[in-house]
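So the chains spell out like this:
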Amino acid sequence: MLTGKHLIAGDWVSGATTFASTPAHGPSHDFGVGTPALVDQACEAAEAAFPSFAATSRDDRARFLEAIADEIEARGDAITEIGTQETGLPAARLQGERGRTTGQLRLFASHIRDGAYLDRRHDKALPDRQPLPRPDLKMIQRPIGPVAVFGASNFPLAFSVAGGDTASALAAGCPVVVKGHSAHPGTGEIVAQAIDAARKSCNLHPGVFSLVQGGKRDVGEALVQQPLIRAVGFTGSLGGGRALYDLCAARPDPIPFFGELGSVNPMFLLPAALSARGEALGKGWAGSLTMGAGQFCTNPGIAVVIDGPDADAFAIAAKAALEPVAAQTMLTDGMADAYRSGRDRVAAGTGVRSLLTTMCDGRAATPNLFEVSGTDWLADHMLAEEVFGPLGLIIRVQDAAEMEAIAASLQGQLTCTLHLDDGDTDLGRTLLPILDRKAGRVLANGFPTGVEVADAMVHGGPYPASTNFGATSVGTLSIRRWLRPVCYQNLPDALLPEDLR
């Protein structure tokens, strides 16, 4: 049952004012509006919880993560019902995302039980070393303190209240304060109920987790500037993420802001692959572009091909596959408006030609397909900006050298893809050193939509794909964002953290 309240340190707290949710279908509900005062309460509770939570055993924290997963699954039908209403996403998508969310929680439970993430090191004392003795040195990764997490709009479960940022921070031993996304507050509240139930069953401090719903820009600003917050996890737009990043850097005590801000995820279709299977690649690209109405940060918005008959066949196949795609509901009215604005911006770009232009209104999105020469794309930087939705842009280059120039001109990306066959090895060998400086993940012969949650996954990249090129928001390595190395010199075992004794 929805309360419409905030969860602050184990208490469900009403807001002084409320906002009404705007579901794609079904009833609207009222929710409390977040305030800086509520942020302060949540952060103070998180700081109070930190000493005891950081001192819990890895096994205790693992059981907490597993309990959260169990509680989410127990509320599966309720989450799917309100999630589909609020977002317009189909039930199958929400069910799959719920499985990914609980899978992340259990993966981190297994990861911290293993203990390798602690990166423990020991340089034994050398009292007889000349000319100076060496002290006993032990190093371990330690949790940094309370973490702020911003729920994402496009993943109401896997990147939201109990998503990867929250799961990895709790696994590290850091209390979490979540700013829920106003696009799906009911979904967020039910997940918060699951976390709180798990917290109670594990007898943990109530400040370990809080959820502040809604709120305007001042709430987000208050959260990243709250002196007790030690790091921030964010998935969202470039503009919003950069503004919060700047606030974190401008604090008297700057803190890391781990923002995943999206990208155009270019694909490079090399000549032999394009000749052998251009039609299949066109169809596959169309499916990836329109998956989830194109509302994935890994949506492959750009395809780079060498001009000629094979490029023509690819474009024809992509257009034919996109034409019958029906209108899809976007997550919010604002996203639908932004998608249409992006379509119009691309259409007005230098030398851009329309292959498929569709019109849609309200909260709906339909696919659009454009093409442009490599020369014109290089001359118009606006064409390199992300359009969040089912829009594709084909860049026709003159030759391999111009394909290299396109690759070299790219800003940071979450992904870059090479479609290649055996005959493309030399060109692939030339492009790869360029692309692996541009992206956090480089694919061959696949499509980047669909991010596997695994040890080796990197979901991040150079700016503006993310604000920290050394971090990932998916996979077990993401726990390192909430840890810092501490060296203990000559400390007696009785004073050392349990994992170093």
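Here goes a summary of the coordinates provided. Each residue is numbered by its place in its chain's sequence as written, counting from 1. In view of the model being predicted, local features appear only for residues whose pLDDT reaches at least 70, and side-chain atom pairs are presented and counted only at 80 or more, with totals across whole chains, interfaces and linings using the full set of residues. Note that the side-chain values use all heavy atoms of the structure and ignore hydrogens as well as water.

A few words on the overall build of the chain. For the chain, the count of helices and strands is 14 helices and 21 strands. Each radius of gyration reported is based on C-alpha atoms, and the globular scaling rule is 2.2 Å times the count of residues to the power 0.38. The C-alpha atoms of the chain give 24 Å as radius of gyration, which agrees with the globular expectation for 501 residues (23 Å, within 12%). Accessible area is worked out with a 1.4 Å probe on protein chains only. A residue is then buried under 20% of its type maximum, exposed over 50%, and partly exposed in between. When the 501 residues of the chain are sorted by exposure, 55% land in the buried category. Charge assignment: positive for Lys and Arg, negative for Asp and Glu; neither His nor the chain ends contribute. Just so you know, the charge point we use is NZ for Lys, CZ for Arg, CG for Asp and CD for Glu. Placing the 42 positive and 55 negative side-chain charges of the chain at their respective mean positions leaves the two points 6 Å apart. Here a strand is any run of E in DSSP of at least two residues, a helix any run of H or I of at least four, and the numbering for each starts at the N terminus.

What follows covers the packing of aromatic side chains. Two descriptors summarise a pair of aromatic rings, namely the distance from one centre to the other and the angle between the planes of the rings. Only Phe, Tyr and Trp rings are paired, with Trp represented by its six-membered ring, and only when their centres lie within 6.5 Å; those with planes under 30 degrees apart are stacked, over 60 edge-to-face, the remainder tilted. Throughout the structure, instances matching the rule amount to 9 aromatic pairs. Ring centres 5.2 Å apart and planes at 55 degrees place the aromatic pair Phe155 and Phe159 in the tilted group. With relative accessibility at 8%, the residue Phe155 sits in the buried group. Here Phe258 and Trp482 contribute two aromatic rings whose centre-to-centre distance is 5.5 Å and whose plane-to-plane angle is 85 degrees, an arrangement assigned as edge-to-face. Linking Phe258 in strand β11 (residues 257–260) with Trp482 in the loop between β20 (439–444) and β21 (483–489), this pair joins segments that are 224 residues apart in sequence. Just as Phe258 is buried, Trp482 falls in that class too.

Within the element layout of this structure, His25 appears in the loop between β3 (18–20) and β4 (30–32). What makes His25 partly exposed here is its relative accessible area of 42%. Each C-alpha atom of the pair His25 and Glu385 lies 31 Å from the other, and the pair is 360 residues apart in sequence. The contact definition used throughout considers only heavy atoms, calling two residues in contact when any of these lie within 4.5 Å. Once residues lying within four places of it in the same chain are set aside, the contact partners of His25 are Thr84 and Gln85. Here a polar contact is taken to be a pair of N or O atoms separated by no more than 3.5 Å, where protein atoms must pair a possible hydrogen donor with a possible acceptor and residues adjacent in sequence count only if both atoms sit in side chains. One polar contact links the side chain of His25 to the main-chain carbonyl oxygen of Thr84, over a distance of 3.2 Å.

What follows deals with the sheet that holds strand β15 (residues 353–356). When DSSP locates at least two bridges between a pair of strands, those strands are taken to pair. Read across the open sheet, the 7 strands follow the order β15-β17-β18-β13-β12-β19-β20; overall the sheet is mixed. The sheet is open, and its two edges are formed by β15 and β20, each paired on a single side. Within this sheet the neighbouring strands show an average axis-to-axis angle of 20 degrees, counted without direction. Relative to strand β17 (residues 368–373), β15 is paired through 3 bridges, and the arrangement is antiparallel. By the bridge assignment, Leu356 is partnered in β17 with Leu369. Sitting on the sheet, helix α13 (residues 400–409) is in contact with β12 (267–269), β13 (302–306) and β18 (391–397), with an inclination near 160 degrees to β13. Every angle, taken between N-to-C directions, lies between 0 and 180 degrees, and every axis is a line fitted to C-alpha atoms, over only the stretch in contact when it is a helix.

Take helix α8 (residues 238–250) next. Any helix carries an expected span of 1.5 Å times its number of residues minus one. The terminal C-alpha atoms of α8 lie 18 Å apart, and with 13 residues this matches the ideal 18 Å at 1.5 Å per residue to within 8%. Along α8, the residues that are buried comprise Gly241, Leu244 and Cys248. Across the axial projection of α8, the buried residues extend over an arc of 70 degrees, all falling on one side. When the buried face of α8 is taken as reference, the exposed residues oriented beyond 90 degrees from it are Gly239 and Ala250. Where α8 is buried, its residues contact β7 (147–150), α7 (217–225), β10 (231–235) and β11. Among the residues of α8, the N-terminal cap falls to Ser237, whose side-chain oxygen and the backbone nitrogen of Gly240 are separated by 3.1 Å. Along the arc lie the directions from the helix axis toward the C-beta atoms.

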